[in-house]
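Reading the structure
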Amino acid sequence: MKKLVIFDLDGTLLNTIEDLGQAANHALQQNDYPTHSIASYPFFVGNGVRKLMERVLPENSRDAQTVDALLKDFKAYYDEHLHDYSKPYQGIVEMLEELSDKGVKLAVASNKYYEAVQRLIAYAFPGIDFVAVEGQKEGVNVKPDPSIVFNILAQAHVEKADTLYVGDSGVDMETARRACVDSVGVSWGFRPVKELTEYRADTIINSPAEILPIVESGIPLK
């Protein structure tokens, strides 16, 4: 039985795409750049908000000064509106509660900046006890660099072999691979199942309840 499950946040535990898109479009408008449809944002997110700002800008406007200006406006808006629309996916809360009741440690590893991750988790999951909630911090490489996973393992005092990593993107699957922990890709998130397959997810699930038997019995044999 796994002793620790590490979850990605955006697209895995929470559907945050509307709030992310609204904040990014606000920043673009403030700086006189064209906006994007919310439907396009699942393919912009996943590598932290600075990379998001680069991706939403026209290719010839992605200099550091412009990205900095957008990032400032994005954070100012997002900090005020980060959970206007964001909410857990169906079945997530129940799954987390059941894992916790079984004594499984829970953690979050996100590329979103740390302060926003802390606030979102406190808002969405006030009754869940996470052993670690980590986001992007200055001087620490973002996923797929495995540093965030190693930091969580140290806090939880759990070995890699006893850990499961759950996420919705190729970035997440690559993070798990580099950290040498088992990976679960979720089909309900921001990225297509094809991406999870291409990045060699150990298994792919279609509902949060499917995590429970994997934690108890391991990755199903292919």
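In what follows, the structure referred to is the one given above.
Below, the structure is looked at part by part. (Residues numbered from 1 in each chain as written. Predicted model: local features only at pLDDT ≥ 70, side-chain atom pairs only at ≥ 80, totals over all residues. Heavy atoms only, no water.)

Some thoughts on the nonpolar core
Grouped together as the largest cluster of nonpolar side chains are 54 residues, with contacts concentrated most on Phe7, Leu13, Phe74, Leu96, Leu99 and Phe125. A per-element tally of this core places helix H1 (residues 17-30) first, with six residues. If we ignore the near neighbours within four places in the chain, the residues touching Phe7 are Thr12, Leu13, Met95, Leu96, Leu99, Leu106, Ala107, Val108, Ala109, Val166 and Ile211. Of all hydrophobic cores here, the second largest spans 15 residues; its members include Leu4, Ile148, Leu153 and Val158. (Core = buried A, V, L, I, M, F, W, Y, C linked by side-chain atoms within 4.5 Å. Buried < 20%, exposed > 50% of the residue type's maximum accessible area, 1.4 Å probe, protein only. Helix = DSSP H or I, 4+ residues; strand = E, 2+ residues; numbered from the N terminus. Contact = heavy atoms within 4.5 Å.)

Remarks on the layout of surface pockets
By volume, the largest pocket amounts to about 260 Å³. Lining the largest pocket are 16 residues, with Val49, Arg50, Leu71, Gln136 and Val142 positioned closest to its centre. Where the lining of the largest pocket is concerned, the elements lending two or more residues are helix H2 (49-56), helix H3 (64-81), strand E4 (105-113) and helix H5 (114-124). Among the elements that make up the lining of the largest pocket, the one with the highest residue count is H2 (four residues). Among the residues making up the lining of the largest pocket, the classes are represented as five nonpolar, four polar and seven charged. (1 Å grid on protein atoms, 1.4 Å probe; cavity = no way out; pocket = protein on both sides within 12 Å on 5 of 7 lines; lining within 4 Å. Points joined across faces, edges and corners; volume = space filled by probe spheres on them. Nonpolar A, V, L, I, M, F, W, Y, C, P; charged D, E, K, R; others polar.)

Brief notes about empty space enclosed by the protein
Counted according to the given criterion, the structure contains one cavity of 30 Å³ or more. Taken as a whole, the largest cavity spans an internal volume of roughly 240 Å³. If you trace the largest cavity, you find 20 residues lining it, with Asp10, Val45, Gly46, Asn47 and Asn111 closest to the centre. Put simply, the parts of the chain that give the lining of the largest cavity at least two residues each are H2, E4 and helix H7 (170-179). The dominant element in the lining of the largest cavity, judged by the number of residues it contributes, is E4, at three residues. Class assignment for the residues of the lining of the largest cavity results in seven nonpolar, six polar and seven charged.

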